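Chain residues, written in single-letter form:
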Amino acid sequence: MMTFIEAFKKELAQEAIQTRRMLAIIPADKMDWRPHPKSMDIRTLATHLAEIPDMITNGLLHPKWDFAEGGWQPQKFDTAEELVARFDECLSQATDALNASTDDILQEKWLLCSGDQIFMELERWETFRHAMGQNAHHRAQLQVCLRLLNIPVPGPYGPSADEMGE
């Protein structure tokens, strides 16, 4: 029977294909576009999407991710190539973290916080599930942004209307 870690590695690899496809089609001249004043611009959204695997790495290797302790600095990417490279870097680290982990740690507690302010308290297995939920959510947001800009988008789980010629 497959372990949870093995299942997580398989899911991460499958979802990474779709995430990379979305990041790769972002036009450099649309990075600052946003669909609404309250929405993230494409650059911020795509950067967040590219860095989501960091949550898996932190969730498996550390008891908490405390933004007050530093270590995480927002980066600015100007091209799809830079975003894909950052995603691949984060993905590689998450894969390494999964390879170094076993199911016996998955029920240990993990915190996402900034000093005394706790954003989330999860079991380590939940950090993976949360990251995958965030991946699907933000990838869909990016797809809508690109669709609004009339940029053909790939379908993540089958062909999109663009791929079917509709």
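Residues numbered from 1 in each chain as written. Predicted model: local features only at pLDDT ≥ 70, side-chain atom pairs only at ≥ 80, totals over all residues. Heavy atoms only, no water.

(A) Expanded view of the overall build of the protein chain. Within the protein chain one finds 5 helices and 3 strands. Walking the protein chain from its N terminus toward its C terminus, one meets helices and strands in the order α-α-α-β-α-β-β-α. Overall, the C-alpha framework of the protein chain stretches about 50 × 40 × 25 Å when taken along its three principal axes. Going through the 166 residues of the protein chain one by one, you find that 41% of them count as buried. (Helix = DSSP H or I, 4+ residues; strand = E, 2+ residues; numbered from the N terminus. Buried < 20%, exposed > 50% of the residue type's maximum accessible area, 1.4 Å probe, protein only.)

(B) Spatial organisation of helix H3 (residues 53–61). The buried fraction of H3 amounts to 8 of the 9 residues, a majority that puts the element mostly inside the structure. The set of residues buried in H3 consists of Pro-53, Asp-54, Met-55, Ile-56, Thr-57, Asn-58, Gly-59 and Leu-60.

(C) Spotlight on empty space enclosed by the protein. With the rule as written, the count across this model stands at 1 cavity of 30 Å³ or more. A volume near 50 Å³ is recorded for the largest cavity. Considering the residues around the largest cavity, the lining is formed by Leu-12, Glu-15, Ala-16, Thr-19, Ile-52, Pro-53, Ile-56, Phe-87, Met-132 and Asn-135. Elements that contribute at least two residues to the lining of the largest cavity include exactly helix H1 (4–24), H3 and helix H5 (124–148). Taken together, the residues of the lining of the largest cavity break down into 7 nonpolar, 2 polar and 1 charged. (1 Å grid on protein atoms, 1.4 Å probe; cavity = no way out; pocket = protein on both sides within 12 Å on 5 of 7 lines; lining within 4 Å. Points joined across faces, edges and corners; volume = space filled by probe spheres on them. Nonpolar A, V, L, I, M, F, W, Y, C, P; charged D, E, K, R; others polar.)

(D) Spatial organisation of the pattern of salt bridges. Applying the stated criterion across every chain yields a total of 14 salt bridges. The residue Glu-11 makes a salt bridge to Arg-129 at a minimum N-O spacing of 2.8 Å. With Glu-11 in helix H1 and Arg-129 in helix H5, this pair connects stretches of sequence that are 118 residues apart. Here Arg-147 ties to Asp-162 by a salt bridge, and the two come within 2.5 Å at their closest N and O atoms. Here Arg-147 is found in helix H5, whereas its partner Asp-162 is found in the segment after H5, with 15 residues between them in sequence. On the accessibility criterion, Asp-162 (29% relative accessible area) is partly exposed. Overlapping salt bridges bring together Glu-51, Asp-54, Arg-86 and Glu-89 as one network. (Salt bridge = Lys/Arg side-chain N within 4 Å of Asp/Glu carboxyl O.)

(E) The arrangement of the packing of aromatic side chains in detail. Across all of its chains, the model carries 4 aromatic pairs by this definition. With a centroid separation of 4.1 Å and 15° between ring planes, the pair formed by Phe-8 and Phe-128 is classed as stacked. Of the two residues, Phe-8 sits in helix H1 while Phe-128 sits in helix H5, which places them 120 residues apart along the sequence. For the pair Phe-8 and Phe-128, a shared accessibility class is recorded, and that class is buried. Put simply, the rings of Phe-4, Phe-8 and Phe-128 touch in pairs and so form one group of aromatic residues. (Phe/Tyr/Trp six-rings, centres within 6.5 Å; stacked < 30°, edge-to-face > 60°.)

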